[in-house]
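If you want the building blocks of each chain, they are given just below.
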Protein chains: 2
Amino acid sequence: MHITIIGSGNVATHLAAAFKNAGHRIVQVYSPDIQHASLLAYHVGAEAIDNLAHINPDTGMFIISVKDDAIAHVAKNLAIYQKLIVHTSGATGLDTLLAYTGKAGVLYPLQTFSKSRELDFFTVPLCIEAADEVIYTDIQQLAATVSNNVYSINSAGRKILHLAAVFACNFPNYLYSAAQQLLAGHNMDFNMLRPLILETAQKVQEHLPADVQTGPAVRNDQQTMNNHLQMLNDTPQLKELYELLSQGIIKNNVDGHGAK
Amino acid sequence: MHITIIGSGNVATHLAAAFKNAGHRIVQVYSPDIQHASLLAYHVGAEAIDNLAHINPDTGMFIISVKDDAIAHVAKNLAIYQKLIVHTSGATGLDTLLAYTGKAGVLYPLQTFSKSRELDFFTVPLCIEAADEVIYTDIQQLAATVSNNVYSINSAGRKILHLAAVFACNFPNYLYSAAQQLLAGHNMDFNMLRPLILETAQKVQEHLPADVQTGPAVRNDQQTMNNHLQMLNDTPQLKELYELLSQGIIKNNVDGHGAK
């Protein structure tokens, strides 16, 4: 397949590399910043462009990986080529593309990407949706060349998934950061917490999270929780978070989910 | 070393197994519930007891892994044997033991343990503290037989670590659970989120969390955040958490820590 990548961010970078590695040809990489476009284009053997007027129409599809609020603008500009247009956004409906073309689909990779970090793309869940069955089959076949986890998810389901991903990834990462800063304030090394963080994530690969919840809240250990709250008096925002999260754990447990 | 284990919970179970595997002899396992004591004792070739009056004094040390508020009571009962007494609690000071004996120390494993899950104990950070240098050396040498990550941490530092561990482990696990319940409410499988959860934890094994923060809050994507908040109207507790955590991420980013 000949593929044009619109965007040069984290998702665009990993997608382009995965498709290239699977034997597809990346025709062009577009970014409004030509340096960003060039860097990714160099890695995947493509042409870099910083102007949508320089699109090479000899492509099989456009994959749009830009900020959510720029998707419509890009789609409008690409629709004239009458090729398949796919976006990669969890929070954006298929209708954003359908406003400009019937040849529309979604390929949402449910993973957190950083340019500086390689990962095994075959483990990445790819959630796909399409304007019709023919397009769906095309996208499904393409997705299967780069991932072993391809799911059919419509726009409503994708929005739920995206929200759940914020709770499963973005928020835990922020809590890691809060923990790191608590340690740094007492000259202790974040390295001490890294095995704990990894094991916490590895545990729920086999178990449901509520079944392996540990800590003072699930034991309803009021004394320890009160001590912790006192230690957070100087950081009222973390104190409020501690209270709210502990209440959630206690409630989860009472509702009959968890074990100690 | 001859070791007596007081307790039969998650920490006691993993510690007893690690010491047994390292060639130490587990003399007895105590639990007020004889069935719990027997199960662990069987696995580590020890005698099970449910009464502290049945302690075998022919032991080198007592390791207390019971609920925090039971440590003092147990220590008081064991002090008469004049052997080394060590507790394993993050939230409890050394002074709780010093009230009853000078032969006191702490061996705090900074990890989340579940009986149902094996882990490589050599990766577990062990934080040790002792009443004097001779005892410190004894505990350090013992700790080094089961872990490659032995740290010297005093009671004040250990309390900070324990608090940080709640943020790095217990709270993220609760957020995994919230994500799982969001998906379950729409008949979607938690399996879809598992690779994301694992990658989020793996990322911070090499990076600082603030440097790899992703998601709508770090991009200050107000439109997506507003959509998410609307989707959480039926779960006001999660909505409040979403707001508080997003504010924290935005503030972290403004303070100059993170990248996109």
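Residues numbered from 1 in each chain as written. Chains lettered and ligands numbered in written order. Predicted model: local features only at pLDDT ≥ 70, side-chain atom pairs only at ≥ 80, totals over all residues. Heavy atoms only, no water.

Section: the interface of chain A and chain B
Phase 1: Listed as interface residues are 88 residues of chain A and, on the opposing side, 88 residues of chain B.
Phase 2: Buried area between chain A and chain B, summed over both chains or domains, comes out near 8,700 Å², and the portion from carbon and sulfur atoms is 68%.
Phase 3: Three residues, Arg117, Phe167 and Met192 of chain A, lead the burial of chain A against chain B; their summed loss comes to 9% of the area buried on that side.
Phase 4: Counting across the interface, chain A meets chain B through four salt bridges.
Phase 5: Counting across the interface, chain A meets chain B through 37 residue pairs in polar contact (both at pLDDT 80 or more).
Phase 6: Those elements that place two or more of their residues in the side of chain A that touches chain B are strand E7 (125-130), helix H6 (155-184), helix H7 (194-203), helix H8 (222-231) and helix H9 (236-254) of chain A.
Phase 7: Looking at the side of chain A that touches chain B, the element that brings in the most residues is H6 of chain A, giving 26 residues.
Phase 8: Residues belonging to the side of chain A that touches chain B are distributed by class as follows: 49 nonpolar, 29 polar and ten charged. (Contact = heavy atoms within 4.5 Å. Buried area = accessible area lost by both parts, 1.4 Å probe. Salt bridge = Lys/Arg side-chain N within 4 Å of Asp/Glu carboxyl O. Polar contact = N/O pair within 3.5 Å; in protein donor to acceptor, adjacent residues only side chain to side chain. Helix = DSSP H or I, 4+ residues; strand = E, 2+ residues; numbered from the N terminus. Nonpolar A, V, L, I, M, F, W, Y, C, P; charged D, E, K, R; others polar.)

A closer look at helix H6 (residues 155-184) of chain B
Residues and elements named next belong to chain B.
Phase 1: Across its 30 residues, H6 extends 42 Å between first and last C-alpha, which sits within 8% of the 44 Å expected from 1.5 Å per residue.
Phase 2: The largest bend in H6 comes to about 35°, at Val166.
Phase 3: With 26 of 30 residues buried, H6 lies mostly within the body of the structure.
Phase 4: A side-chain oxygen of the first residue of H6 lies 3.3 Å from the backbone nitrogen of Ala156; this N-cap is Asn154. (Expected span 1.5 Å × (residues − 1). Bend = angle between axes of the 7 residues up to and from the residue. Buried < 20%, exposed > 50% of the residue type's maximum accessible area, 1.4 Å probe, protein only.)

A look at the pairing of strand E6 (residues 104-109) of chain B
Residues and elements named next belong to chain B.
Phase 1: Counting buried positions along E6 gives six out of six residues, so the element sits mostly inside the fold.
Phase 2: Residues Ala104, Val106 and Tyr108 of E6 are buried on one face, and the alternating residues Gly105, Leu107 and Pro109, pointing to the opposite face, are buried as well.
Phase 3: Relative to E6, strand E5 (residues 84-87) is paired through three bridges, and the arrangement is parallel. Bridged to His87 within E6 is Val106.
Phase 4: Examined bridge by bridge, E6 and strand E7 (residues 125-130) share five bridges and lie antiparallel to one another. Each bridged residue has a counterpart across the sheet, and for Val106 the counterpart in E7 is Glu129. (Pairing = 2+ DSSP bridges.)

Examining the environment of Pro216 of chain B
Phase 1: You can see Pro216 of chain B is positioned in the loop between helix H7 (194-203) and helix H8 (222-231).
Phase 2: Overall, Pro216 of chain B belongs to the buried group, its relative accessible area being 2%.
Phase 3: Setting aside anything within four residues of it in sequence, one finds Pro216 of chain B in contact with His162, Val166 and Asn170 of chain A together with Asp221, Thr224, Met225, His228 and Tyr242 of chain B.

Concerning the domain arrangement of chain A
Residue and element names in this part refer to chain A.
Phase 1: If you check the domain split of chain A, you get domain 1 (2-153) and domain 2 (159-254).
Phase 2: Computed from C-alpha atoms alone, the centre-to-centre distance between domain 1 and domain 2 is 35 Å.
Phase 3: Contacts between the two partners involve eight residues from domain 1, matched on the other side by five residues from domain 2.
Phase 4: Counting each side, the surface lost to burial between domain 1 and domain 2 is near 520 Å², with a carbon and sulfur contribution of 77%.
Phase 5: Interface area lost by domain 1 to domain 2 is led by Ala91, Tyr108 and Leu110, which between them contribute 54%.
Phase 6: Connecting domain 1 to domain 2 are zero salt bridges.
Phase 7: Counting across the domain 1 and domain 2 interface gives zero residue pairs in polar contact (both at pLDDT 80 or more). (Domains from an automatic or database assignment.)

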